[in-house]
Each structure stands twice: as C-alpha cells, then as structure tokens.
Amino acid sequence: MTVSPDENEEYGMAELKHLLTVAGEDRPPGIDLLDGLDLPVRRRPARRRGVLAGLTAGAVAAGAAVALTVVWTPQSAQATVLEAVARNEGKPYHVEMVTQASPGGDPFPLTGDFDPGSDSGHLEAPDGGRIIMLGDTGYQKLPESMQSSRGMRSPDKDGKFPKVPKGWKPVMVPLGENAWLKLPMDHVTWGFGSSTRSFAQDPQGELDAIRKADQVKEEGPAGGPGWTGERYSFTTPAVKKWFGRESSSGTVDIDSEGDVRALDVTLTYPDAKSATSVNFKIVFSAYGTPVKLSAPDTPDLYTEQSLHRLLTGRHLPAGAAYGIPIY
Amino acid sequence: MDFVDFVRRRGDRHLHTAVLLTGDWQAAQDLTQAALTELYRVWERLDTGTEPDAYLRRIMVNTRRSWWRARWRRETPLAEIPDRGSADDAADRHAVAEVVRQALRSLPPRQRTALVLRYFEDLSEAQTAELMRISVGSVKTHAHRGLAALRASLPKDLLVVVNEGTERGGVER
C-alpha cells in the first residue's frame, strides 16, 4: 500500500489508532467484568450502618396503625472501609507517618501535606530532608556538600562500581546552604536501597491495598484526640510484581464521621533478598485544608545535568535519570 | 439504563482502555472492576448531565494514577519484544497486540496515559488535561514524547510511520 504525501499527515495518527485498537482485541477467554464484581450494598449515611432492604405495609383501616416491616442488612466491613477511602479521595490532607523496613530498619518519621487535586505534595524528615512535588516536577533538598566522583571510573553495565584507586580520597563539593535538585517526578527514586528509610509519594495511595483485600473485619473501637470510631483489619493476597510477590495486611481506623484517621499497613516481600517487609503507620488529618506549595526560591538550584557534571565532571546522557535515592 | 446494562454494553470498551493503560489483561480486569465498583457506589446519584462513560474514565485514570504513585508499584519495562511470527491470523494479531502493549508499558505512565486518552479515547487536549489534572501544555509534551518513544520501540515492520503530521514523503508497505 502506498500512501501519498498528502495523506501522510493523517496516516501516522490513523496507524497509531489502529495499533491501539489491535492492542486490545486479543482478550483472553474467561474475563467477565460482572463475574467477581464486588458491588457494595447500597447504604444510608455513614453513621447508620445498616441498609434498608425491604419495606412492607400492612393493610390500613381507618384509625389503624400502619404495620411496617423493616429489614436491615448490615453493610460489609469492606464496603464501609471502601466508602471511607473514597470519601476524601482527591482532597488535600496532612500526614504524620513512620516507616520502618524489616529486618534491621529503624523507625523513620515523616511529615507532609498532599493535594491530589493539584498533583502536589511535600514530605519532610526530622534531619531536614525534604522533597516538594509539583505536578511532573520534583524538588529534592540537597545536603550542603556531596562527594565528588571525579577521577573514578563509571559503573559497568550492571551498575557495579570499580574498585577505588589506591590513594584516592573523597572530595566533598560544596553545593550551597540551600541547595535543591530539580528533576522530573518520573526520575525520583524512593530509595529502598537505603537501609532505614523510605518515602511514599502519595500516602493515601497506600489505602489502595484495601481495594484488593480478601478479608476485612471489624476489630473493635478505635479513637484518638477528638475522635472515636472503629478499627478494621484487612489482608490482601500476594500479587506478583516485577520485583517479586507483594502482600499486605494491617488496620485502618475510621471515625464516626466516616473519615479514615489512621492506617497501619505492612507490605511483605517474601522474594526480596534484603529487607522483607516495610511498615507504614500513617495518621491522616486536615482533609480539605488547602495546601500551598511552590518551587524553592534559591540561587543553588541544580538540574540532574548540572549536578552530575559538578560531581563527576561528565555529561549526563539525555533522558538518563540522575537517580539520587531519596535518603 | 441500569448499572448491569451499562456494564454489559460499555464494559468491554473500558476494559480495552484499561489494557492499554496497564499492559496486561489481568491488571486491566482489576482496574476496570475497581472502577466499576466505585461507579456503582454513585450510580444512583449521577445526574442526567453526567455520562457514566466519562465518569468511569475519570475513576480509571485516577485509580491508575494512585496505583502508580504507591511505592514499588512500578511496572518493569520488558527487555525483549517477542517475535511476531506465526502463520495463524489470530496468533499473529495476538503477537501484534502484545508487541504494542509491551511498547506502551515501556513508556512513563503519563506519556502512556496521554497517548491512550488522546488517540484511543479520542479526547481533546483540554479533556485529557482535565482528566490527568495537568496543563494542556503538559498533555502536548507527554503525547509528543510518548509518540517519539513509541516510534523508537516498535519494530519497523510493524509501524511504517508514526508521526505528528510533520513528516513528508510517500510510504510504501
């Protein structure tokens, strides 16, 4: 088939659309969207934990009372939790969290604010570590100096660094008192390679584990400063990720207004070589309070290119992520 | 139309979008069913001016985005694209489908989402920007980069030309 130059302008798009269509036409047998769809029982407001399932009226004569039969069906624990998860989805919120990898990890506290609506957020660590996330761009706080690798050979194709040359001493390069790295969010590395610390880019995303839960149970009352509610436990079956299997279990606290107040979830990785689990304890608050974030105002703002060149003396190939792990 | 009718009539279309966004059928089914569960929750409160398709699409993109943003929920770009070869039509179409899905999977999430919403769902730049909660300029950037990356990763015999209408010249298959 020959496409004329006049038709070429639309040909590329037509071809792409055709390929996108073909990419979804080999649906395997056995996928049935209605099969296994766990539809929640319709319910009234959060405080009332039953569902009006039926109403019958007895015959009415003049002056006689109407006889009503009301059947209440308790809403499932999972439906209650999912409704609470959905209730504040998309709203700004504040978190206080502690993460800990096991074995061998120390608890690592973090504080942050997130606004899913504007795709922004920030997280701070007690030692001054900080990341600001503004849409597609991240700003990572840098230390006042970093070690230079000038004179060192590059890692090989497997990422393995060569041995340090005899007599080589590390040189610390000053970056400035208020140095930041600007990088695409796609390049942010959340550094599970770090022994003790980890970040979550969107803490409320951890609530997603509950959507996959195969068991959600009511555990009993829960409470905190200024609120009371219920605690639910959940477990999710192991799923295969690219790095191995992942399963999760934990508890979620929901207050009497139907808001998620706390999440305590442990992600377990039986196939991992080092740390085999990580726990997040997250307290959510201030739903709906506006979050105002902006890029850091500093003369010491580096890009991946400029920082790489400063520390290594080499050019960072186009498209390569600098890959500084977040602590 | 009641909810089950909607799923029967429109579910496949959204499942197709989901497999383009996720790259595999199991994840696509999970995403679609998760989104349908959320849609069911609000089904009776949807007003007559709200299309369930648009609402479901929004839920899927938001759900997908939060999946991407959770730690370690990353897909691996596959190292190899499988051979296409098979004389059988169905097997050949499956191979082509898998090649395209793998190429899509290798794209960063936002580029992939922008391409799927713009060129499969046929949304405008403004509609795509609103769904993805980014600017129109960002949509253009992600779509442009996604197209370039897709062009680079697809086998040359599969896709003769993928461009943005700037290339000229006859193309012979």
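Here the structure is a predicted model, which means the values were calculated and not measured. (Residues numbered from 1 in each chain as written. Chains lettered and ligands numbered in written order. Predicted model: local features only at pLDDT ≥ 70, side-chain atom pairs only at ≥ 80, totals over all residues. Heavy atoms only, no water.)

Draft legend 1. View of the overall build of chain B. Check the secondary structure of chain B and you find seven helices and one strand. Counting from the amino terminus, chain B carries its helices and strands in the arrangement α-α-α-α-α-α-α-β. Looking at the 173 residues of chain B, the share that counts as buried comes to 55%. Within chain B, contacts between residues separated by at least 24 positions form 58% of all contacts whose residues are at least 6 apart in sequence. Summed over its atoms, the accessible surface of chain B is roughly 7,900 Å², and 47% of this surface lies on carbon and sulfur atoms. (Helix = DSSP H or I, 4+ residues; strand = E, 2+ residues; numbered from the N terminus. Buried < 20%, exposed > 50% of the residue type's maximum accessible area, 1.4 Å probe, protein only. Contact = heavy atoms within 4.5 Å. Areas by Shrake-Rupley, 256 points an atom, 1.4 Å probe, with all protein chains shown as cover.)

Draft legend 2. Summary view of the nonpolar core. Residues and elements named next belong to chain A. Val252, Val260, Leu263 and Phe284 are the most contacted members of the largest nonpolar core, which has 34 residues in total. Among the elements of the structure, helix H2 (77-87), strand E4 (93-102), strand E5 (108-115), strand E7 (130-134), strand E13 (227-241), strand E14 (244-255), strand E15 (260-268) and strand E16 (277-285) are those that each provide at least two residues to this core. Among the elements that make up this core, the one with the highest residue count is H2 (five residues). (Core = buried A, V, L, I, M, F, W, Y, C linked by side-chain atoms within 4.5 Å.)

Draft legend 3. Spatial organisation of the pattern of salt bridges. Enumeration according to the criterion identifies 15 salt bridges over all chains in this entry. The residue Glu125 of chain B makes a salt bridge to Lys140 of chain B at a minimum N-O spacing of 3.9 Å. Of this pair, Glu125 of chain B sits in helix H6 (residues 125-132) while Lys140 of chain B is found in helix H7 (residues 136-153), placing the two residues 15 residues apart along the sequence. With a relative accessible area of 27%, Glu125 of chain B lands in the partly exposed category. A residue is classified by how much of its surface remains accessible, and Lys140 of chain B, at 45% relative accessible area, is partly exposed. If you follow the salt bridges from partner to partner, you end up with Asp26 of chain A together with Glu98, Arg101 and Arg105 of chain B in one network. (Salt bridge = Lys/Arg side-chain N within 4 Å of Asp/Glu carboxyl O.)

Draft legend 4. Geometry of the packing of aromatic side chains. The final tally for this structure, using the stated rule, is five aromatic pairs over all chains. Look at Tyr93 of chain A and Phe114 of chain A: their rings are 5.6 Å apart centre to centre, the planes differ by 20 degrees, and that puts the pair in the stacked class. Placement of the pair is Tyr93 of chain A in strand E4 and Phe114 of chain A in strand E5, with a sequence separation of 21 residues. Grouping aromatic residues by their ring pairs yields a cluster made of Phe3, Phe6, Tyr40 and Trp43 of chain B. Geometry around Phe120 of chain B places Arg13 of chain B over its ring, the cationic atom sitting 4.2 Å from the centre. (Phe/Tyr/Trp six-rings, centres within 6.5 Å; stacked < 30°, edge-to-face > 60°. Lys NZ or Arg CZ within 6 Å of the ring centre and 35° of its normal.)

Draft legend 5. Representation of unusual backbone geometry. A positive phi angle, close to 55 degrees, is found at Ala286 of chain A, a residue other than glycine. Relative to the helices and strands, Ala286 of chain A is located in the loop between E16 and strand E17 (301-303). Its relative accessible area of 38% is what places Ala286 of chain A among the partly exposed residues. Here the phi dihedral of Asp122 of chain B falls at roughly 60 degrees; this positive angle occurs in a residue that is not glycine. You can see Asp122 of chain B is positioned in the loop between helix H5 (109-119) and H6.

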